[in-house]
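In case you want the letters, here they are:
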Amino acid sequence: MLALGTKAPEFSLPDAVSGRTISLDSFADEKALLVMFLCPHCPYVKHIQKPLAALLREYRGTGLGVVAISSNDAQQYPEDDPAGLRRQAKECSFDFPYGYDESQEVAQAYEAACTPDFFLFDSARKLVYRGQFDGARPKNDIPVTGSDLRAALDAVLAGRPIAAEQRPSIGCNIKWKPGKEPKRFG
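Trainee: Explain unusual backbone geometry to me, using residue names and the numbers behind them.
Mentor: The bulk of non-glycine residues show a negative phi, and the bulk of peptide bonds are trans. In this chain, Thr 115 is followed by Pro 116 through a cis amide linkage whose omega measures 0°. Along the polypeptide, Pro 116 turns up in the loop between strand 6 (114–115) and strand 7 (117–121). The backbone of Glu 111 shows a phi angle near 55°, a positive value even though the residue is not glycine. In this fold, Glu 111 is placed in the loop between helix 3 (105–110) and strand 6.

Here it is, written out as structure tokens:
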């Protein structure tokens, strides 16, 4: 996992929704930045995607920048191509950019392991949270609340420290292109 305190890796990606290029600089004026690795096909993402969109709408105007990124190999998972990202964004009312990481270099730089995977950076763009949305999973009876991510968002926006105990995300592995798997998976 990317170490807490790590500076946010740079990125420059096409936003599958607007067609514009998005980068770390696109969020320079925001107090905090949430970088999420998502995709349309994963059942773990499907389980939380609408509650996630609703939760993030609550943070409009608070100084939170939000970007989703999909890094899956669209050759293996055609649903995760830019058209699939646009469909998912429309169906779930995502109101944030959704970058397409065709080269998979951004996922490697962030050490993203799965979808969904969440990385929260403070105003200095230092990593303060990398963990789960909450304890809900597709096959458990825990309600989807976003409690873990919400606590981290509230703390960083208030300038308070984030709880040291952070549970990693669980989901579908990033679908790496042949030969692109990070060394940590080898």
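There's plenty left to go through after this.
Trainee: Outline the sheet that holds strand 3 (residues 32–37), listing residues and values.
Mentor: Strand order in the open sheet formed by five strands is 5-4-3-7-8, with mixed pairing between adjacent strands. Two strands in the sheet have a free side with no partner beyond their single neighbour: strand 5 (98–100) and strand 8 (127–131). In this sheet, neighbouring strand axes are inclined to one another by 20° on average, regardless of whether the strands run parallel or antiparallel. Here strand 3 runs beside strand 4 (residues 64–70); their pairing, made up of six bridges, is parallel. Residue pairing for strand 4: Phe 37 is matched across the bridge by Ile 69. Strand contacts of helix 1 (residues 43–57): strand 3, strand 4 and strand 7, with the helix running at about 170° to strand 3, the strand carrying the most contacts. Of the strands in this sheet, strand 3, strand 4, strand 7 and strand 8 touch helix 4 (residues 147–158), which is tilted by about 10° from strand 7.

Trainee: Give me the packing of aromatic side chains: which residues, what numbers.
Mentor: One pass over the structure, following the stated rule, counts eight aromatic pairs. Their ring planes at 25° and their centres at 4.7 Å tell us that Phe 94 and Phe 96 sit as a pair that is stacked. Look at Phe 94 and you get buried, because its relative accessible area is 10%. When the ring of Phe 94 is compared with that of Tyr 98, the centres are 6.0 Å apart and the planes differ by 55°; the resulting orientation is tilted. In textbook terms, an aromatic cluster arises when at least three aromatic residues are bridged by ring pairs, as seen for Phe 11, Phe 37, Tyr 110, Phe 119 and Phe 121.

Quick notes on the rules
- All chains use their own residue numbering, which begins from 1 and follows the written sequence.
- Only residues with pLDDT of at least 70 get local features here, since the model is predicted, and only at 80 or more are side-chain atom pairs given and counted; chain-wide, interface and lining totals rely on the full set of residues.
- The side-chain values count all of the structure's non-hydrogen atoms but skip hydrogen atoms and water molecules.
- Each helix is a run of H or I in the DSSP string that is no shorter than four residues. Each strand is a run of E no shorter than two, and both are numbered from the N terminus.
- Pairing between two strands requires that DSSP report at least two bridges joining them.
- A fitted line through C-alpha atoms serves as each axis, taken over the contacting stretch for helices, and the angle formed by two N-to-C directions is quoted from 0 to 180°.
- Should any heavy atoms of two residues lie within 4.5 Å, those residues are considered in contact.
- Planes of paired rings set the category: under 30 degrees apart is stacked, over 60 is edge-to-face and the rest tilted, where pairs are Phe, Tyr or Trp rings (Trp by its six-membered ring) whose centres lie within 6.5 Å.
- Each residue is assigned to one of three classes by its accessible area relative to the maximum for its type, calculated with a 1.4 Å probe on protein chains only: buried under 20%, partly exposed between the two thresholds, exposed over 50%.

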